[in-house]
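# Structure assessment
Each chain, written out:
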Amino acid sequence: MTAASDTAHSNMANAIRFLSADAVQKAKSGHPGMPMGMADVATVLFAQHLKFDPSKPNWADRDRFVLSAGHGSMLLYALLYLTGYQDMTLDQLKNFRQLGSKTAGHPEFGHASGIETTTGPLGQGLATAVGMALGERLMNARFGDGAVDHYTYVIAGDGCLMEGISHEAISLAGSLNLSKLIVLFDDNDICIDGPTKMSVNDDQVARFKACGWAAEQIDGHDRDAINAAIVRAKASDKPYMIACKTVIGRGAPSKQGTAATHGAPLGDEEIAAARVAMAWPYAPFEVPAEVLDQWRTAGRRGTSDQEAWQGRISGMTADQRGDFDRAVSGGLAEGWLEALNAHKKMCADKQPGWATRQASGEALAVLTQAIPELIGGSADLTGSVNTKTPSTLPISAADFSGRYVHYGVREHGMGAVMNGLALHGGAIPYGGTFLVFADYMKGAIRLSALMGQRVIYVLTHDSIGLGEDGPTHQAVETLASLRATPNFKVFRPCDAVEAAECWAAALQDRAGPSGMVLSRQGMPTQRTVHTDENLSAKGGYVLAEAEGARKATVFATGSEVSIAMAAREILQAEGVPTAVVSMPCWELFDQQDAAYRRQVRGPGTVRVAVEAAVRMGWDKYIRNHGGFVGMDGFGASAPAGQLFEHFGITADNVVKEVKSRL
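Now for a look at the structure at hand. (Residues numbered from 1 in each chain as written. Predicted model: local features only at pLDDT ≥ 70, side-chain atom pairs only at ≥ 80, totals over all residues. Heavy atoms only, no water.)

### A closer look at the overall build of the protein
What the protein contains, in helices and strands, is 27 helices and 18 strands. Computed over the C-alpha atoms, the radius of gyration of the protein is 28 Å, within 12% of the 26 Å expected from 2.2 N^0.38 for a compact globule of 662 residues. Along the longest, intermediate and shortest principal axes, the C-alpha atoms of the protein span 95 × 55 × 45 Å. Here the protein holds 662 residues, and the buried ones make up 62% of them. The long-range share in the protein, meaning contacts at least 24 apart out of those at least 6 apart in sequence, stands at 78%. Per element, the accessible surface of the protein, about 23600 Å² overall, is 50% carbon and sulfur. (Helix = DSSP H or I, 4+ residues; strand = E, 2+ residues; numbered from the N terminus. Rg over C-alpha atoms; globule rule 2.2 N^0.38 Å. Buried < 20%, exposed > 50% of the residue type's maximum accessible area, 1.4 Å probe, protein only. Contact = heavy atoms within 4.5 Å. Areas by Shrake-Rupley, 256 points an atom, 1.4 Å probe, with all protein chains shown as cover.)

As structure tokens, this is what we get:
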């Protein structure tokens, strides 16, 4: 290390430190300690190793950088500004945490180029990065080193590694031997409450090694040690964790190394003293031209790599290039919808009495054959959730040419990995578990929705209809919880035809995630006349119109549609013209025009809804005085048929609700 190079590194790292401290101070809120502590590590990574090009921020073969410790967001924002991302200006840094700025309190995907994923809920970034690293391996297996060959880097903190999702992610990454995944652990011994030894004393290096990683500990302020460790990590045949021993808030004379730097501004006096201590005699937000030039030069370092990559993919055959571009852009292969419509017609003609989990599996068999980007999986429930098809062979550490992930009993990790696959590009992920375990995945589901990622959650065993497994597994409140999540579409089809339609609607929605809520028990086919029109894409539609002037409208989803149809038959026989509305997706129904929604709901009619779940949410369709037949508590363990009778979810009770309101 020469004195000149040491000075250059120190100045570049100090630019990160003081931009971060100044921004937090101006905002009067934020987390300055982590950016100040990890500035040396970030400087070595971005200036010497990370493959990126700010002029082509979405270059498909760039390295991915995930700031899992998202509370330290100013580290990322400072790096994006310093390396020359056009939309990350100095004014954006000055507007940190302000309404309308790109510099939100935690990094948010889509706000600015270079933010690969939304982080902040600790552990999510690390687990999402596992999905990105898996996505790289899958795309590499499909298109080769010339098109896809990059690393995924993560900065994670103590909090990330305390969260339970971290174990799911670390274990899965080790099992799949994702050797192009490198985690830089900010090992600073401090959490918000104080020293981490109050709550955690894990040997993180040993922990990662036990999960199949290579791992080591270094001085996180020694640039040569940092560089050498990253070189070793890149050459490793295993995923790699580098525990970087750092001082949180490094440079703040009286607060460094303490929780006082973690989640609050340092104060003007402390920042002024830090400027003296770190030999940084510049005004707030000032970066001297020489230092900024050094950073901008580092930002241009990847241009030649990007141009060489462009040359390589230009040499692909037309078919290869078409497949690659479609995969990266998220398009759907030609002919998929025609194949699915043929399947839908078969279902209408043959009228199978499948459970909708089986109907979903049959639709997936068609879709996975037609759309090579579909990557499936389940949380150790493959035979129950019907997510594996003849086209989706298993993915393993020895073979990334497959398209099916055996996630193991790791629901939360599965959700985050699917987010990473979607964000990386080249994959349309779907994964299955039981509906009740959506709660285990809720953090990842929420981020799918917040980031607008096309991730499809297959959620089976959706009600008391699963029977003997009892109330621990019978979701009664989960539908309401998922429906309350913005930008998340809940699909609950009533038969094989609707199941196919719901899959089509989910795949065509590139702006958000979906949940396929599916039954364990079989049910009759309701749609027996084929149409290529996707009626389920309207969210709700009149499945059976009243014979005569409509007096009652019965709404239902999923397995309860057959109960609604049976109630309609009774009411019609008793002289009450009744329509049945199937509502497979409330969110899509709410997007229809007012005239359509009014016509479907049946103005002036008695309205009753039936669903084997709690009432919450139904009143906007049935009005406050509308009737509801469903659950108002937890279920029980018994055969499904007995449970529907026991809890009163029957055609007779639907009839009573209607007649009591006539």
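Next, the rest of the story.
### Observations regarding unusual backbone geometry
Generally, phi is negative for residues other than glycine and the peptide bonds are trans, each holding for most cases. Phi is positive for phenylalanine 285, which is not a glycine, with a value near 70°. The residue phenylalanine 285 is located in the loop between helix H11 (268-277) and helix H12 (289-299) in this model. The backbone of asparagine 487 sits at a positive phi, close to 60°, despite the residue not being glycine.

### Notes on the sheet that holds strand S14 (residues 541-544)
Strand pairing in a sheet is mediated by backbone hydrogen bonds. Such pairs are either parallel or antiparallel. The strand order S14-S16-S15-S17-S18 describes an open sheet built from 5 strands, whose pairing is mixed. Edge positions in the open sheet fall to S14 and strand S18 (627-629), since each of these has one partner strand only. The mean inter-strand angle of the sheet, taken between neighbouring strand axes irrespective of direction, is 30°. Along the sheet face, helix H22 (residues 560-573) touches S14, strand S15 (552-556), strand S16 (578-582) and strand S17 (606-610) and points at about 170° away from the line of S16. (Pairing = 2+ DSSP bridges. Axes fitted to C-alpha atoms, helices over the stretch in contact; angles between N-to-C directions.)

### Looking at the sheet that holds strand S9 (residues 404-406)
Taking strand neighbours across the sheet as the criterion, the 6 strands line up as S9-S8-S10-S11-S13-S12 in an open arrangement whose pairing is parallel. At either end of the open sheet lies a strand with only one pairing partner, and these are S9 and strand S12 (489-491). Geometrically, the sheet is characterised by an average inter-axis angle of 20° between neighbouring strands, direction not taken into account. For strand S8 (residues 374-378) and S9, the ladder comprises 3 bridges, and the chain directions are parallel. Across the sheet, the residue bridging to glycine 376 is tyrosine 404, located in S9.

### Here's the deal with the state of the cysteines
Here is the idea: a disulfide is a covalent bond, and it sits between the sulfur atoms of two cysteines. According to the stated counting rule, one finds 0 disulfides in the structure shown. Cysteine 244 forms no disulfide, and the closest cysteine sulfur to it belongs to cysteine 160, at a distance of 13 Å. The exposure class of cysteine 244 is buried, given its relative accessible area of 0%. (Disulfide = S-S within 2.5 Å.)

### Points about the pairing of strand S3 (residues 181-187)
The buried fraction of S3 amounts to 7 of the 7 residues, a majority that puts the element mostly inside the structure. Burial along S3 is two-sided: the residues Leu181, Val183, Phe185 and Asp187 and Ile182, Leu184 and Asp186 are all buried. In this structure, strand S2 (residues 152-157) lies alongside S3, joined through 6 bridges in parallel fashion. From the neighbouring strand, isoleucine 155 faces S3, where its bridge partner is leucine 184. Bridging between S3 and strand S7 (residues 240-245) involves 6 bridges; their strand directions are parallel. Across the sheet, the residue bridging to isoleucine 182 is tyrosine 240, located in S7.

### Quick look at the packing of aromatic side chains
In this structure the tally under the stated criterion is 20 aromatic pairs. Plain terms: the ring middles of phenylalanine 18 and tryptophan 280 are 6.0 Å apart, the flat faces sit at 5° to each other, and that makes the pair stacked. Taken together, the residues phenylalanine 18 in helix H1 (residues 3-27) and tryptophan 280 in the loop between H11 and H12 connect sequence positions 262 residues apart. For the pair shown, phenylalanine 18 and tryptophan 280 are each scored as buried. (Phe/Tyr/Trp six-rings, centres within 6.5 Å; stacked < 30°, edge-to-face > 60°.)

### A few points about the pairing of S17
When you tally the buried positions in S17, you get 5 out of 5 residues, the bulk of the element. The alternating pattern of S17 places Val606, Val608 and Val610 and Arg607 and Ala609 on opposite faces, both of which are buried. Here 5 bridges tie S15 to S17, and the two strands are oriented parallel to one another. Pairing of phenylalanine 555 across the sheet is with alanine 609, part of S17. Here 3 bridges tie S17 to S18, and the two strands are oriented parallel to one another.

### Re the nonpolar core
Leu134, Leu178, Leu181, Trp213, Met241 and Tyr457 are the most contacted members of the largest nonpolar core, which totals 67 residues. Examining the composition of this core, we find that 8 residues originate from one element, helix H6 (residues 124-143), more than from any other. What leucine 181 contacts, discounting residues up to four positions off in sequence, is Ala129, Val130, Ala133, Thr152, Val154, Ala173, Trp213, Pro239 and Tyr240. Membership of the second largest hydrophobic core comes to 61 residues, among which are Leu19, Met88, Cys244 and Ala298. (Core = buried A, V, L, I, M, F, W, Y, C linked by side-chain atoms within 4.5 Å.)

### Notes on the packing of helix H3 (residues 39-49) against helix H4 (residues 73-83)
Two elements in contact, H3 and H4, have axes separated by 11 Å at closest approach and are oriented at 40°. In terms of orientation, H3 and H4 fall into the oblique class. Like other packed secondary-structure pairs, H3 and H4 cross with a definite hand, here right-handed. Where H3 abuts H4, its residues Ala39, Ala42 and Phe46 lie against Leu75, Leu79 and Thr83. Residues of the contact of H3 with H4, tallied by class, amount to 5 nonpolar, 1 polar and no charged. (Parallel < 35°, antiparallel > 145°, perpendicular 65-115°, else oblique. Left-handed = near helix turned anticlockwise from the far one by under 90°. Nonpolar A, V, L, I, M, F, W, Y, C, P; charged D, E, K, R; others polar.)

### Topic: the pattern of salt bridges
Tallied over the full model, the rule gives 29 salt bridges. Among the ionic pairs, arginine 326 bridges to aspartate 323, the shortest N-O distance being 3.2 Å. On the criterion of helical spacing, the pair formed by arginine 326 and aspartate 323 is a turn pair, its members being 3 residues apart in helix H14 (residues 318-329). Of the residues examined, arginine 326 reaches a relative accessible area of 17% and is grouped as buried. You can call aspartate 323 partly exposed: its relative accessible area is 30%. Across the pair lysine 538 and glutamate 533 runs a salt bridge whose closest N-O atoms are separated by 3.6 Å. Of the residues examined, glutamate 533 reaches a relative accessible area of 41% and is grouped as partly exposed. Look at the salt bridges and you will find they share partners, linking Asp462, Arg483, Arg492, Glu560 and Glu611 into a network. (Salt bridge = Lys/Arg side-chain N within 4 Å of Asp/Glu carboxyl O.)

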